[in-house]
Amino acid sequence: MTGLRLDRIVIVGGGTAGWMAGAALGRFIVPGGTEVVLVESDEIGTIGVGEATIPPIQKFNHLLGIGEAEFLRATSGTFKLGIEFVDWGRPGDRYIHPFGRFGRDIAGIDFHQLYLRERQRRPLPPIDSFSIGAQAALAGRFTHPRADPSQPTHDIAYAYHFDATRYALFLRSFAERRGVVRREGRVVDVALNPQTGFVESILLADGTRIGGDLFIDCSGFRGLLIEQQLSTGFEDWSHWLPCDRAIAVPSENHGAPHPFTRSTAREAGWQWRIPLQHRTGNGHVYASAFLDDDRAEAILLANLEGAALGAARPLRFATGRRRLAWNRNVVALGLAAGFVEPLESTSIHLIQHGISMLLALMPDKDFAPTERDEYNRQMRASFEAVRDFIILHYKLTQRDDTEFWRYCREMSVPETLAQRMDLFLRRGRYLKGDNDLFTLNSWVAVMLGQNGWPSGYDPLTDALDPDKVGRQIDLARTAITGAVAEMPLHMDALRQMNATEPQPDDHVPAA
Ligand code: FAD
């Protein structure tokens, strides 16, 4: 089989997707003798947003051998313990979707079932009072998870916020040190093999032609190879997720950075706040069918906590996925593969997942359909699972104050989601699907956070003595409160691990 090994992989695009792929291939593929070339165009630039992540990114860094403190210093990164959702259920509501679990199971019964039963006996505080991640987030504190399972801090799970431009630069330097060759230039033409329709080479504006066996399309929304050349097609999901525009602006930090992302519902969309060490990222995601651009910008600027650093930048996007993420000898990653709005910070994760799948299914020169088909099956299922979880936030709203929210409440949802909502609304049940990224705790957080209370609880819960369970629920809360009080403040935690080296001042992300 060695004669069939790929000689060269060409990555088109040097945004987050391109350089994540470059870093991973530099680490795992270049040492085996395959050349990796990445082409990017400074003239075109990158999208320059994408700054909040979810916990699996730790695994990506770990596999690459990237140290946490080095990574946070280089990207002005902060810790993220979850997302606070403001005004999503009804105006005035707020809840945290924390990473990590709620409470502790007792005798194999999920904590939220115990909580649901206890709530029928007496008033209880919101379920995020039983999450160490949520409570630490609200207190502005952070600590790494402890190995000792008897400690509440064992249940901490976290991700990062980081500066997208610095992240790409950081990964670029990592990849180049591992042999990935960067070529600056604009791709102006693509040559296809007339028999197979495979991409044979790309032509740069300066006349250089670069051939390859496998092409990874990381060219962003335009999908230079996967769509413009191979006409792969796009499955549009905008009827379920009508937001199609965003406007982004960084602002000065207002106080110490919070260890959580905030998403505040607005009249036809929502606004993000992502705190970094040196600035805060802000953006307003909205549906152009319900809100005009000027008003969207005005809403964003009126709701910044610190002074804006630079002009607000408009972005347009289509929600959906490429019908095939891998078509012929082109694999699309990042925005070229598809996009679901950043409400749960999933895009970078889907890039990471695409890279892991590609490494697991790396083709030979014969490009056997088996590997391609499995890749497409996996990516399709992963995108759809994320899509359903994001739609859940909209469908579950009780807001009826604007046309946009009325549309979201009343829209029909994918059958896969409708079934899961019904299951949860009966007895709080959730059964994990093969490709679920968001599992039990996430469903509990969003369903209960947005007032999606089940009408009953799991009858298995009745095998446990309610008085004993009630005492354990109270003890769990006390233990969490005590543990949070002992944690360092977020910035102190970053300083203690030497993750706050001052960075040169570049407040405004690349256009
Ligand atoms: P881009 O950054 O657009 O990069 C495309 C690359 O292709 C560039 O290097 C460009 O120069 C190159 N290129 C294009 N055409 C050519 C050509 N002809 N020749 C040569 N080079 C070319 N994700 C998250 O996980 N968390 C978030 O919080 C988050 N927030 C987001 C907010 C918004 C409003 C949007 C729109 C997206 C957000 N995302 C988020 C998604 C995230 O930004 C992207 O997944 C990520 O940045 C990857 O982008 P990319 O590399 O695919 O594309």
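Keep in mind the model is a prediction, meaning the values are calculated, not measured.

Parameters at a glance
- Residues numbered from 1 in each chain as written.
- Predicted model: local features only at pLDDT ≥ 70, side-chain atom pairs only at ≥ 80, totals over all residues.
- Heavy atoms only, no water.
- Helix = DSSP H or I, 4+ residues; strand = E, 2+ residues; numbered from the N terminus.
- Polar contact = N/O pair within 3.5 Å; in protein donor to acceptor, adjacent residues only side chain to side chain.
- Contact = heavy atoms within 4.5 Å.
- Phe/Tyr/Trp six-rings, centres within 6.5 Å; stacked < 30°, edge-to-face > 60°.
- Buried < 20%, exposed > 50% of the residue type's maximum accessible area, 1.4 Å probe, protein only.
- Near = heavy atom within 4 Å.
- Areas by Shrake-Rupley, 256 points an atom, 1.4 Å probe, with all protein chains shown as cover.
- Pairing = 2+ DSSP bridges.
- Axes fitted to C-alpha atoms, helices over the stretch in contact; angles between N-to-C directions.
- Parallel < 35°, antiparallel > 145°, perpendicular 65-115°, else oblique.
- Left-handed = near helix turned anticlockwise from the far one by under 90°.
- Nonpolar A, V, L, I, M, F, W, Y, C, P; charged D, E, K, R; others polar.
- Domains from an automatic or database assignment.
- Buried area = accessible area lost by both parts, 1.4 Å probe.
- Salt bridge = Lys/Arg side-chain N within 4 Å of Asp/Glu carboxyl O.
- Core = buried A, V, L, I, M, F, W, Y, C linked by side-chain atoms within 4.5 Å.

What follows concerns the side chain of Arg 245. Tracing the backbone shows Arg 245 in strand S13 (residues 245–251). A distance of 3.0 Å separates a polar atom in the side chain of Arg 245 from a polar atom in the side chain of Asp 293. Not counting chain neighbours up to four residues away, the residues in contact with Arg 245 comprise His 284, Val 285, Tyr 286, Ser 288, Asp 293, Leu 315, Arg 316 and Phe 317.

Our focus in this paragraph is the packing of aromatic side chains. Enumeration over the complete set of coordinates arrives at 32 aromatic pairs. Ring centres of Trp 326 and Phe 367 lie 6.5 Å apart, and the angle between their planes is 90°; on these two criteria the pair is classed as edge-to-face. Highlighted residues: Trp 326 in strand S19 (residues 326–327) and Phe 367 in the loop between helix H8 (347–360) and helix H9 (369–395), separated in sequence by 41 residues. Each member of the pair, Trp 326 as well as Phe 367, is classed as buried.

A few words now on helix H4 (residues 111–121). Along H4, eight of the 11 residues are buried, which leaves the element largely enclosed by surrounding structure. Buried within H4 are the following residues: Phe 111, His 112, Gln 113, Leu 114, Tyr 115, Leu 116, Arg 117 and Glu 118. Summarising the contacts, the buried residues of H4 are in contact with helix H11 (415–427), helix H12 (440–449) and helix H13 (466–486).

Turning our eyes to something else, we now look at the site of the ligand. Taken together, 34 residues are adjacent to the ligand, and Gly 14, Val 49, Ala 52, Val 187 and Ile 348 come closest. A distance of 3.0 Å is found between an oxygen atom of the ligand and a backbone nitrogen or oxygen belonging to Ser 41. Between the ligand and Gly 45 there is a distance of 3.1 Å, counted from an oxygen atom to a backbone nitrogen or oxygen. Surface burial for the ligand is 97%, taken as the share of its 1,000 Å² of free accessible area covered by protein chains.

If you walk across this open sheet you meet the seven strands as S5-S4-S14-S15-S16-S13-S17, and the pairing is mixed. A strand with exactly one partner marks an edge of an open sheet, and here the two such strands are strand S5 (94–98) and strand S17 (313–316). With strand direction ignored, the average angle separating the axes of adjacent strands in the sheet is 20°. In terms of strand pairing, S13 meets S17 through four bridges, oriented antiparallel. From the neighbouring strand, Ala 248 faces S17, where its bridge partner is Arg 313. Against the sheet, helix H5 (residues 132–139) contacts strand S4 (82–86) and S5, and its axis sits at roughly 120° relative to S5.

With that settled, consider the packing of H8 against H9. Contact geometry of H8 with H9 gives a least axis separation of 10 Å together with a crossing angle of 160°. Classified by the angle between their axes, H8 and H9 sit roughly antiparallel to one another. Note that H8 runs across H9; the crossing there is right-handed. Within the contact between the two elements, H8 uses Leu 350, His 353, Gly 354, Met 357 and Leu 358 and H9 uses Tyr 375, Gln 378, Met 379, Ser 382, Phe 383 and Val 386. Across the contact of H8 with H9, the residue classes tally to seven nonpolar, four polar and no charged.

Take the domain arrangement of the protein next. If you check the domain split of the protein, you get domain 1 (2–78 + 162–237 + 319–384), domain 2 (97–158 + 386–491) and domain 3 (245–316). Spacing between the C-alpha centres of domain 1 and domain 3 amounts to 28 Å. With 16 residues of domain 1 in contact, the opposing surface of domain 3 contributes 17 residues. For the pair domain 1 and domain 3, the two sides together bury roughly 1,200 Å², of which 58% comes from carbon and sulfur. The tally of links between domain 1 and domain 3 comes to two salt bridges. With its nearest N and O atoms 2.9 Å apart, the salt bridge here joins Arg 279 to Glu 51. Counting the contacts that link domain 1 with domain 3 gives nine residue pairs in polar contact (both at pLDDT 80 or more). Partitioning the side of domain 1 that touches domain 3 into residue classes produces eight nonpolar, four polar and four charged.

Let us now look at the nonpolar core. Ile 9, Trp 88, Ile 202, Tyr 375, Leu 392 and Tyr 394 are the most contacted members of the largest nonpolar core, which totals 158 residues. Examining the composition of this core, we find that nine residues originate from one element, H9, more than from any other. Once residues lying within four places of it in the same chain are set aside, the contact partners of Trp 88 are Tyr 95, Ser 263, Thr 264, Ala 265, Trp 270, Leu 343, His 393, Tyr 394, Thr 397, Arg 399, Trp 405 and Gln 450.

Note: α-helices contain 3.6 residues per turn, so residues at a spacing of three or four share the same orientation. Burial of H12 is extensive: nine of the 10 residues sit out of reach of the surface. Looking at H12, one finds that the buried residues are Leu 440, Ser 442, Trp 443, Val 444, Ala 445, Val 446, Met 447, Leu 448 and Gly 449. For H12, the elements touching its buried residues are S5, H4, H9 and H11. Taken from the residues just after H12, Asn 451 is the one with a positive phi, measuring 65°.

Before going further, it helps to spend a moment on the environment of Leu 359. Its place among the elements puts Leu 359 in helix H8. For the pair formed by Leu 359 and Ile 29, sequence separation is 330 residues and the distance between their alpha carbons is 8.5 Å. Each residue touching Leu 359, except ones within four places of it in the same chain, is listed here: Ala 24, Leu 25, Phe 28 and Ile 29.

With respect to burial, S13 is a largely interior element, seven of its seven residues being buried. Here S13 shows a buried face lined by Arg 245, Ile 247, Val 249 and Ser 251 and a second buried face lined by Ala 246, Ala 248 and Pro 250. Here S13 runs beside strand S16 (residues 280–286); their pairing, made up of seven bridges, is antiparallel. The residue of S16 that forms the bridge with Arg 245 is Tyr 286.

Two side chains bearing opposite charge may form a pair once their charged atoms approach each other closely. Applying the stated criterion to the full structure yields 35 salt bridges. Between Arg 122 and Asp 474 there is a salt bridge, and its shortest N-O distance comes to 3.1 Å. Residue Arg 122 is found in the loop between H4 and H5, and its partner Asp 474 is found in helix H13; the two are separated by 352 residues along the sequence. A residue is classified by how much of its surface remains accessible, and Asp 474, at 37% relative accessible area, is partly exposed. A salt bridge links Glu 184 to Arg 182; the nearest nitrogen and oxygen atoms lie 2.9 Å apart. A relative accessible area of 35% places Glu 184 in the partly exposed class. Assessed through its relative accessible area of 19%, Arg 182 is described here as buried. The network of salt bridges with shared partners includes Glu 84, Arg 94, Arg 262, Arg 273 and Glu 305.

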